[in-house]
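# A closer look at the structure
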Amino acid sequence: MKAAPVRGGLVALCLALSVSAALGHGDVQPQPVDTAGLAPLGETWREENPYRGDTKAVAIGDSGFNQNCARCHGLQVISGGLAPDLRYLPVGKEGDEYFVERVRHGAIINGMTKMPAFEGVLSQEALWAIRTYIESKHEE
Ligand code: HEC
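The text that follows walks through the structure, step by step, so that each part is easy to find.

Cut-offs applied
- Residues numbered from 1 in each chain as written.
- Predicted model: local features only at pLDDT ≥ 70, side-chain atom pairs only at ≥ 80, totals over all residues.
- Heavy atoms only, no water.
- Helix = DSSP H or I, 4+ residues; strand = E, 2+ residues; numbered from the N terminus.
- Buried < 20%, exposed > 50% of the residue type's maximum accessible area, 1.4 Å probe, protein only.
- Contact = heavy atoms within 4.5 Å.
- Areas by Shrake-Rupley, 256 points an atom, 1.4 Å probe, with all protein chains shown as cover.
- Salt bridge = Lys/Arg side-chain N within 4 Å of Asp/Glu carboxyl O.

### Points about the overall build of the protein chain
- Looking only at helices and strands, the protein chain has 5 helices and 2 strands in total.
- Going from N to C terminus, the protein chain has its helices and strands arranged as α-α-α-α-β-β-α.
- Here the protein chain holds 140 residues, and the buried ones make up 34% of them.
- Counting only contacts in the protein chain whose residues sit at least 6 apart along the sequence, the fraction spanning at least 24 positions is 70%.
- Carbon and sulfur atoms form 59% of the exposed surface of the protein chain, whose accessible area is close to 8700 Å².

In structure tokens:
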């Protein structure tokens, strides 16, 4: 009789652990980003941010970033140390090329998904809006 609550507690603990393990692998449902109002970009990936400096793209990217990237890269792009601090990504085309390569393919290191690939998950418009937002937070 006395063992029953303990067993229940263990089941709850195991569930909690498997949930946090899933989070650790970045296995979280991506959140759709509403890009209405931004110029459509078509299928071909740009090498340079077509929205740089656009205030609407900054606002859309703010919400897109905070829903899809902040849990690893930190709210307001201020990293808590889990993943690189994106405020220091280079500005302009150099940073754009690096950014788009990374977000399309993610980061798989020694077979572990450190960052999920976002190609086919978020639209090109959403990802460039997020880049516009990140660049608006740039620090030297
Ligand atoms: C599950 C955690 C996670 C999520 C979610 C995530 N990232 Fe990452 N990201 C990482 C990690 C970890 C690295 C570093 C990988 C490495 O060591 O090369 C990284 C690297 C990057 C880099 C390269 C930074 C550098 O200095 O080398 C960029 C750019 C980037 N992420 C953008 C994004 C964007 C934009 C999003 C949201 C659309 C996002 N990430 C979502 C974990 C994540």
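### Some words on the pattern of salt bridges
- Following the criterion strictly, the structure yields 9 salt bridges and no others.
- Note that Lys-93 and Glu-47 form a salt bridge whose closest N and O atoms lie 3.9 Å from each other. Taken together, the residues span a long stretch of sequence, with Lys-93 in helix H4 (residues 92–105) and Glu-47 in the loop between helix H1 (3–24) and helix H2 (55–68) at a distance of 46 residues.
- Among the residues examined, Lys-93 registers a relative accessible area of 38% and is labelled partly exposed.

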